[in-house]
Structures are given as structure tokens and as C-alpha cells.
Amino acid sequence: MEIRLLADSYLKNEQLYLDFMNDSIELDKDYFSEESVFIEESPDFPIYMGRGSEKEKSASFTEAINIIMNSYIETPREIHMNGRFWHSLMITKRDYLFDLYGQLITSHKDFIRIIMKPFDWESYIYKCVLAAEYIYDTKLESEEEKQYYIQLIINNIDMYNYIIKYSIFRNSHFILNFFRAVDELGLTSLMKAKIKNRDDLGKDERYGRRVFLELNNNYPVIMAPFLQKDELKKEIVKALANYIDHETLNKIGNIKYN
Amino acid sequence: MIYNKDAAFSYPVLSDTNNSYTDSGFNFRVNNIVDKTTSYDIFFEYDIESDFVRSLIDNNQAVLILIIQSDDNSFFELEKGQLYINLSKSRVSFNDKVRAQLHIQSKQNISFAHCEELVSFYNVMKSQLRIPQYSLIGYSNVSTVRNTGKEGIALFEKTIDSKMDFDFQIKLSNKTIVLKFKDERHLLQSTARSRNVMNIYLYNGLERALNQFINENIEDGEEGFFLEDLDDSSLNDLHYKLYQLLLKKGINEISYDSLDALVQKVAPSIIEKFTHSIERLNENGN
């Protein structure tokens, strides 16, 4: 299927927004370029998880990651890691997206925020594409395991956002290993929590982020991205011990700390 | 996970910039990338100058790991003697700069007691030196992997935009000098006159690009610099092409004062190539 790519300046083009809203998009308008890419299939999936209950958000994430994993990530990375491609694809899904999000869009700015969000870690499509790649590349045996990892990422979305900003940890093996280790240690809630009584660390410091900072500082003497799960658990607990005492940690998690 | 800071290690590390070994060297080069439609074959070479470290790998006490960094990091354990790797295009793109490095990592506890290649600093303590599994034993230089396929080496790119305000415009992208024309006819006339006009476009584009190249690589307050002092892995694709071109012409010293001379040295061969391709385009009516 041919997807005509938008022209370079499409983000600034208000006509694109107006035509999207009025269902009058046409290929000869100047927001389109002459370039196309071809993909085998292009099923619909939700692209905005910024509204609704936690349950609804989680369901949208799950649907998006599954569909992207099944239909999009075998394309060359030049295609599926390119924001212009995704935004051009979204234009072909006008009716589907308008039904879902039309009511949320009352300005060009809303249109950018919901449909054309720049393709970086803040974009829901970007997050889902990476998650789909990471899970797919791990070559899991069963469907249950795939779904387990999808839920792990969604339940830890704050930490996941934090990781994908830092290139050192952007690796399939490490990310899945890390979330599984945290889950098995019973530390998911703690990792999301704000650190108490440490004014020296700055506002809004969370245990999970500090753990990454410690792992980052220790690299490459301790090469966290390569560690097997059990070794990684030890490093996570060691990093946490800088911010929380052993007794409390023992009470919270499945940790036998000596 | 490309590593190029020089951290203080509490044990000997083999690298070009670390002085733990008397003959410290770990050199890595990506030689060639072959485009195989849905994947790339990447061919590389390396030299490990330490017998001790080489024997750790031969005896499976340590392993070579290839790290490829584009948007993400991928790492691959290499078999002994492995000198190429196949990467799917669905997981790596050469749109952005790709960097690669080799690491040597311990697979078990390693003792340095019998290593005879360390500098004298370690003489006293080396009998007690032990490192655990997953430690970094050595790291190579970083090699920038650039796609040198057809599109990869083109210096100029031409586009037609009928909605442009001017007949002609030069833009510099990260990869090429982009010549933008309002009308296709500007490109396809092969009369002597239009060929001369075309030469001026190419000349201007080249000058603009070289000027940017100097701008971004000159140190504040300096009048010029030497190509051999540049870290070529930090250059964008366009600047890397200029860098290669200048080196090929035997040029090393770069300054604003020599800009005109630089353009005249590199331009003739480029202009010949470009006009030739335009003429062929014209003949084939494509």
C-alpha cells in the first residue's frame, strides 16, 4: 500500500489541520510531497493515551503495541523510526482518528498535540514502536509472555519514558530484564514513589530514576546492560540502598538482604 | 553503550588511550557495508596488541562484543575470528550516524597475576588483582559507520520545487548540498551556456558547504586548523564527505583565507561528474 509522505513543512501548515477537520484532504495540496513509501499493511491503532481512566489508557497502549508489533516493525527502520512516515500514515486514517479524537481538537495546536506530536519520547507512537521492537526482538516463546511484558512496560510507563531518553539503556535485553527484575523483587511501587527526606536531591526525585542514575554512573565498570537478571537484581538493590535503609527495603520487597 | 570517556578503572584496561599495558592498543575499523536489500553486511577488522588479552579470548575467559549505536544500542557477542555481521534494515538505519565499537568483557573471574605486559605500576599489586565476570577488559576506538552506497556518497542533490519564490536556491542538509530549482528546464538544457550556469551553481554550493565545514570545526580565535586533527567520527555526513574529498586532494591545512583555493582544487572533478550525470539524464530522457 502506498503512503504519500507529507512535505517537509507540514507541521506549520494550517491548511492540513483545516482539511483534516473538514475531511477535505487532497493529494495535490502543497502539504504533500512527491515522495511515497510502500508498506504491506496498515491497520488502525490508537495514538493518543493522554485521556481517560488508567484502565482505558492501558487498554489503548496494549492495543497499539500489539498492532504495531504485528504489522509495522518489520519495515525498514528508516520508515518506522521516522515521524514524517507516521504522520503521513495518520492522514490516511482520517475517519478513524476523527471518530476517536475529533472532539478533543479545537485548534491547530490541539491537532499537533494529538495527531502530529513530534516523534520523540513524548510521542505515544514512538513509545509504542520501541516497546513493540523490544518485546518482539526478545523472541519470546509464548503469547502470554509477550502480553506480560507489554503490561510491565505500561505499568512502569514513567520509568520507561525515563529510560528511552538515555541511549545507554536503550536496548531490548536490558529494558525487559530490568522491568522483570523489578517485578520479581516486588519493587514496582517503590520505584515509582518519591524519595522522602532527601532535600539534597531536588524535587520530584523517584527511586526508579535514581537507580538508573546509579547504574549509569557505574557503567562501564559494572556493565548493567549485559547482566543476567539475577545479577541485575543485586545491582538494583545495591543502588536502592543509597536511598533507603535495608530494613525498610526488606519489608517492602522479596529481598533477602544480608 | 559506546564508551569513550576515560574513567579511572581500579584494574588494567586495554585501550588506545589507557596506559595500563606496555603495548596498549586496541584498534577497530569498519571497512565496508554491503547493502543486501533487506539487510546490511558490515565488514570490520581489529587488532588487539596484548598477547594476554588475546589469550583470554582464545581460552573463552573473555569475549568480544560488538556494539552498534544508531538510535538504539545493539550488542552482539562475536565468535572467535568473526569479521562481519548481518543487520536487518528493520533494526538499523543509516539515515542517522551509526557508531560502532568493540568491547572485551570477562566471562569469568580473571586474575592478572600472570600477565607480563602491564606497566610497572602494577608490579606490586598484580598478584592480588582479580576482576569478576562482566567486567570491561578492553575497549576499542569508536568507528563511525557510514553508508557509502550510491546515495551515501553523493555530494550534491537536486530538487525541483515549482512553488519556490526564486529560480534557484542552495540548502545544506546533514548529508548533501541541495540545489533547489524552480523549474526542471534549468537542469536539463545541455547548451554550453546553461552548462556554465550550472557550474556556477555547483561552485556556489561547494563554497557554501566548505564555509560551513570551516565554521563548525574551527576553534574560537584560531585562523585555521589541520584535517588530521579532526575527530572524523564527530562529523556529519556532508562534512565527512568534504573531509574525505579534501584529504584525497592532498589538502591538510584549512582556513577561511584558503577557501577560494580549496574550492578550485576540489571543484573540477566534482563538476565534471555532476554535469556528466545530468547529460546522461538528458539523453535517456529520464
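1. Let's talk about the domain arrangement of chain B
Residue and element names in this part refer to chain B. Each assigned domain of chain B is listed with its residue range as follows: domain 1 (26-145) and domain 2 (154-284). The interface of domain 1 with domain 2 comprises four residues on the first partner and four residues on the second. Between domain 1 and domain 2 the total buried area reaches about 360 Å² when both faces are included, carbon and sulfur atoms providing 34% of it. Here domain 1 is connected to domain 2 by zero residue pairs in polar contact (both at pLDDT 80 or more).

2. Topic: the nonpolar core
Counting residues in each nonpolar core, the largest one holds 142 residues, and the members touching the most others are Phe45, Trp86, Ile115, Phe178, Ile236 and Leu240 of chain A. The biggest single contributor to this core is helix 7 (residues 124-137) of chain A, with ten residues. In this structure, phenylalanine 178 of chain A is in contact with Met159, Met191, Val211, Phe212, Leu215, Leu232 and Ile236 of chain A, ignoring residues within four places of it in sequence. Counting 33 residues, the second largest nonpolar core, distinct from the first, contains Leu155, Phe181, Leu230 and Val263 of chain B.

3. Remarks on the domain arrangement of chain A
All names here are of chain A. Structurally, chain A comprises domain 1 (1-155) and domain 2 (158-258). Contacts between domain 1 and domain 2 engage 16 residues on the former and 13 residues on the latter. Roughly 1,500 Å² of surface becomes buried between domain 1 and domain 2 when both sides are summed, with 61% attributable to carbon and sulfur atoms. Of all residues in domain 1, Trp121, Tyr134 and Ile153 bury the most surface against domain 2, accounting for 40% of the area lost on that side. Inspection of the domain 1/domain 2 interface yields nine residue pairs in polar contact (both at pLDDT 80 or more). Those elements giving two or more residues to the side of domain 1 that touches domain 2 turn out to be helix 7 and helix 8 (143-155). Broken down by element, the residue count for the side of domain 1 that touches domain 2 peaks at seven residues, all from helix 7. For the side of domain 1 that touches domain 2, the residue count by class is eleven nonpolar, two polar and three charged.

Quick notes on the rules
- Residues numbered from 1 in each chain as written.
- Chains lettered and ligands numbered in written order.
- Predicted model: local features only at pLDDT ≥ 70, side-chain atom pairs only at ≥ 80, totals over all residues.
- Heavy atoms only, no water.
- Domains from an automatic or database assignment.
- Contact = heavy atoms within 4.5 Å.
- Buried area = accessible area lost by both parts, 1.4 Å probe.
- Polar contact = N/O pair within 3.5 Å; in protein donor to acceptor, adjacent residues only side chain to side chain.
- Core = buried A, V, L, I, M, F, W, Y, C linked by side-chain atoms within 4.5 Å.
- Buried < 20%, exposed > 50% of the residue type's maximum accessible area, 1.4 Å probe, protein only.
- Helix = DSSP H or I, 4+ residues; strand = E, 2+ residues; numbered from the N terminus.
- Nonpolar A, V, L, I, M, F, W, Y, C, P; charged D, E, K, R; others polar.

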